[in-house]
Amino acid sequence: MPANPGPLTPDDLDSAVQVSLDALREVPADAWDGDPASLDWTRWETVEHMCNALMLYAVQFGPKKPPMDGNVPFARAGRRPAAPSTMIRADTAAGPEGLLQVLESCAALTVAMARVTSPDARAYHVYGASDPEGFAAMGAVEMLLHTYDLIEGLGIPYAPPAGVCARVLYRLFPDAPADEPPWPTLLWATGRADLPGRPRVTDWRWDGTPR
């Protein structure tokens with residue numbers, strides 16, 4: 001288990017959001033309809049998936065009695081059969097700048113709910129009920145890892161904060177090694193990269209269980 005780096009905070013999620021947005025703003029305009037090498041969705045669709053996840057994490061704590069048997073039942077649909085099913089879509093007429101505004105707005109709601117929700121609150125997640133810190137950590141994973149997917153091969157500089165990555169690992173990946181740098185370890189734990197002397201991860205999921 002990684003050494004305890006302290007709790008993951010709403011500020012950590014906000015930091016993950018901002019570093020990711022900085023990178024995504026560098027994606028060429030003509031690349032948004034293309035498929036990243038590691039995904040079956042277009043870059044545009046992948047960002048809409050990120051929006052959907054972040055919005056979902058925020059609204060789970062919206063009801064005074066958060067649901068424990070399923071997600072808040074927003075209607076969802078995909079842009080095409082192979083696209084992700086989402087409750088959030090960006091107006092394509094607004095272009096990539098508008099798409100990233102939608103992403104930033106959804107992320108801001110998750111940050112805000114993590115700030116104002118009691119740490120004792122619990123809400124449903126498919127991997128098990130979690131708390132506001134857990135949902136903030138999940139939001140950070142969505143931002144950091146999918147941004148990596150989206151910019152891979154485009155030559156865009158990207159260096160997520162080590163402290164944020166360490167706190168995400170401690171919160172969601174308790175079996176991750178503690179003797180490697182946090183960002184490469186997070187890539188390894190989610191099946192995206194190798195770590196020296198360790199087998200490649202091919203099947204993974206996080207553990208949102210409150211600590």
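This text gives an overview of the structure that appears in the document. The model shown is predicted, which means the values in this text are computed figures rather than measured ones.

### Here we look at the environment of lysine 64
Okay, step 1: Mapped onto the secondary structure, lysine 64 falls in the loop between α2 (43-59) and α3 (95-116).
Okay, step 2: For lysine 64 and arginine 192, which are 128 residues apart along the polypeptide, the C-alpha to C-alpha distance reads 38 Å.

### Re the nonpolar core
Okay, step 1: By size, the foremost hydrophobic cluster in this structure holds 65 residues, and its most contacted members are Leu24, Leu103, Leu144, Val168, Phe173, Trp183 and Leu186.
Okay, step 2: Counting residues per element, the ones that place at least two in this core are α1 (10-24), α2, α3, α4 (132-151), α5 (162-172) and α6 (182-189).
Okay, step 3: Among the elements that make up this core, the one with the highest residue count is α4 (12 residues).

### Here we look at the state of the cysteines
Okay, step 1: The final tally for this structure, using the stated rule, is zero disulfides.
Okay, step 2: Here cysteine 51 is not disulfide-linked; the sulfur of cysteine 106 is the nearest cysteine sulfur, at 4.5 Å.
Okay, step 3: On the accessibility criterion, cysteine 51 (0% relative accessible area) is buried.

### So, α6
Okay, step 1: Counting buried positions along α6 yields six of eight residues, so the element is predominantly enclosed.
Okay, step 2: Restricting attention to buried positions, one finds in α6 the residues Trp183, Thr185, Leu186, Leu187, Trp188 and Ala189.
Okay, step 3: Positive phi shows up at glycine 191, right after α6, with a value of about 75°.

### Here we look at the side chain of aspartate 149
Okay, step 1: For aspartate 149, the location among the structural elements is in helix α4.
Okay, step 2: Looking at aspartate 149, its side chain comes within polar contact range of the side chain of histidine 146, at 3.0 Å.

### Thoughts on the side chain of threonine 185
Okay, step 1: Here threonine 185 shows up in helix α6.
Okay, step 2: Those residues in contact with threonine 185, other than ones at most four positions away along the chain, are Leu169, Ala176, Pro177, Glu180 and Leu195.

### Some words on the pattern of salt bridges
Okay, step 1: Scanning the entire structure with this criterion turns up 11 salt bridges.
Okay, step 2: Among the ionic pairs, aspartate 11 bridges to arginine 115, the shortest N-O distance being 3.0 Å. One end of the pair, aspartate 11, is in helix α1; the other, arginine 115, is in helix α3, with 104 residues separating them in the sequence.
Okay, step 3: The partly exposed category is assigned to aspartate 11, whose relative accessible area is 46%.
Okay, step 4: Connected through shared salt-bridge partners, Asp22, Arg25 and Glu104 make up one network.

### So, the packing of aromatic side chains
Okay, step 1: Scanning all chains against the criterion turns up seven aromatic pairs.
Okay, step 2: Aromatic pair phenylalanine 61 and phenylalanine 135: ring centres 5.2 Å apart, planes at 85°, arrangement edge-to-face. Highlighted residues: phenylalanine 61 in the loop between α2 and α3 and phenylalanine 135 in helix α4, separated in sequence by 74 residues. Here phenylalanine 61 matches phenylalanine 135 in class, with each residue buried.
Okay, step 3: Between phenylalanine 173 and tryptophan 204 the ring centres are 6.2 Å apart and the planes differ by 45°, which places this aromatic pair in the tilted class. On the criterion of sequence distance, the pair formed by phenylalanine 173 in the loop between α5 and α6 and tryptophan 204 in the segment after α6 is long-range, its members being 31 residues apart.
Okay, step 4: Look at phenylalanine 173 and you get buried, because its relative accessible area is 6%.
Okay, step 5: Here tryptophan 204 falls in the partly exposed class, since its relative accessible area comes to 32%.

What counts as what
- Residues numbered from 1 in each chain as written.
- Predicted model: local features only at pLDDT ≥ 70, side-chain atom pairs only at ≥ 80, totals over all residues.
- Heavy atoms only, no water.
- Helix = DSSP H or I, 4+ residues; strand = E, 2+ residues; numbered from the N terminus.
- Core = buried A, V, L, I, M, F, W, Y, C linked by side-chain atoms within 4.5 Å.
- Buried < 20%, exposed > 50% of the residue type's maximum accessible area, 1.4 Å probe, protein only.
- Disulfide = S-S within 2.5 Å.
- Polar contact = N/O pair within 3.5 Å; in protein donor to acceptor, adjacent residues only side chain to side chain.
- Contact = heavy atoms within 4.5 Å.
- Salt bridge = Lys/Arg side-chain N within 4 Å of Asp/Glu carboxyl O.
- Phe/Tyr/Trp six-rings, centres within 6.5 Å; stacked < 30°, edge-to-face > 60°.

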